[in-house]
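Observations on the model geometry
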Amino acid sequence: MSMLEDIGGETSLRDLVEHFYDLVETLPEGSNLRRLHARGHGVEHARVEQFNFLSGFMGGRPYYKEKHGHMDVKLMHAHVPIRQADADNWVDLMRKALIAEGHKGPNADRLNVVFRRISDMLVNDMDDWEDTGTRR
């Protein structure tokens, strides 16, 4: 059984992504994530692409790959200055969304571990867009 099937299929995944981005847009810990998305295509675009990516990543239809030709999460984020605090906030908000959507137990635990590993992998030392050339 795929991770996508474990959480209830595409409908459940879409609900999870929507809830996650609702948290990003409303909670204080989502403020820098909102700022980072605003420099790109915005949160509405991220809602669509997050679903597209996670569907394929979790063993469902690879919408993101069909659209963009790859599933390289580092390439997707290569232009974004991601700090450890951003990764931590992303994981925390996704954990909250999983709980709110009723996902618990081994399947949710496994997703949380994978999400933590990937978010930590995306942390980089790029200058922030508002920095004047000094790294944090």
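Preceding block: the structure.
Anyway, here's the lowdown on the structure attached to this text. Since the model is a prediction, treat every value here as computed from it, not as a measurement. Per chain, residue numbering runs from 1 following the sequence as it is written. Reporting in this predicted model follows two pLDDT cut-offs: at least 70 for local features of residues, and 80 or more for side-chain atom pairs to be given and counted; totals over whole chains, interfaces and linings ignore these cut-offs and use all residues. Neither water nor hydrogens contribute to the side-chain values; these are computed over all heavy atoms in the structure.

Here's the deal with the pattern of salt bridges
A carboxyl oxygen of Asp or Glu within 4 Å of a side-chain nitrogen of Lys or Arg is what we treat as a salt bridge. The final tally for this structure, using the stated rule, is 12 salt bridges. A salt bridge links Glu29 to Lys96; its shortest N-O distance comes to 2.7 Å. Here Glu29 is found in the loop between α2 (9-26) and α3 (31-38), whereas its partner Lys96 is found in helix α7 (residues 84-100), with 67 residues between them in sequence. Look at Lys96 and you get partly exposed, because its relative accessible area is 29%. Under the DSSP-based scheme used, a helix requires at least four consecutive residues in state H or I and a strand at least two consecutive residues in state E, with every element numbered from the N terminus. Three exposure classes are used, based on accessible area relative to the maximum for each residue type with a 1.4 Å probe and protein chains only: buried under 20%, partly exposed in between, and exposed over 50%.

Things to note about the side chain of Ser12
Relative to the helices and strands, Ser12 is located in helix α2. Judged by relative accessible area, Ser12 falls into the buried class, the value being 14%.

Regarding the nonpolar core
Membership of the largest hydrophobic core comes to 34 residues, with the highest contact counts inside it found for Leu13, Phe20, Leu54, Met58 and Met94. Sorting the residues of this core by element identifies α1 (3-6), α2, α3, α4 (43-57), α6 (73-77), α7 and α8 (106-122) as the ones contributing at least two each. The element best represented in this core is α2, accounting for 7 residues. Contact partners of Leu54, with chain neighbours within four places excluded, come to Leu13, Val17, Met94 and Phe115. Definition of nonpolar core: a set of buried residues of the types Ala, Val, Leu, Ile, Met, Phe, Trp, Tyr and Cys, connected through side-chain atoms within 4.5 Å. Any two residues having at least one pair of non-hydrogen atoms within 4.5 Å are treated as being in contact.

Geometric descriptors of this kind do not, in isolation, establish any biological role.
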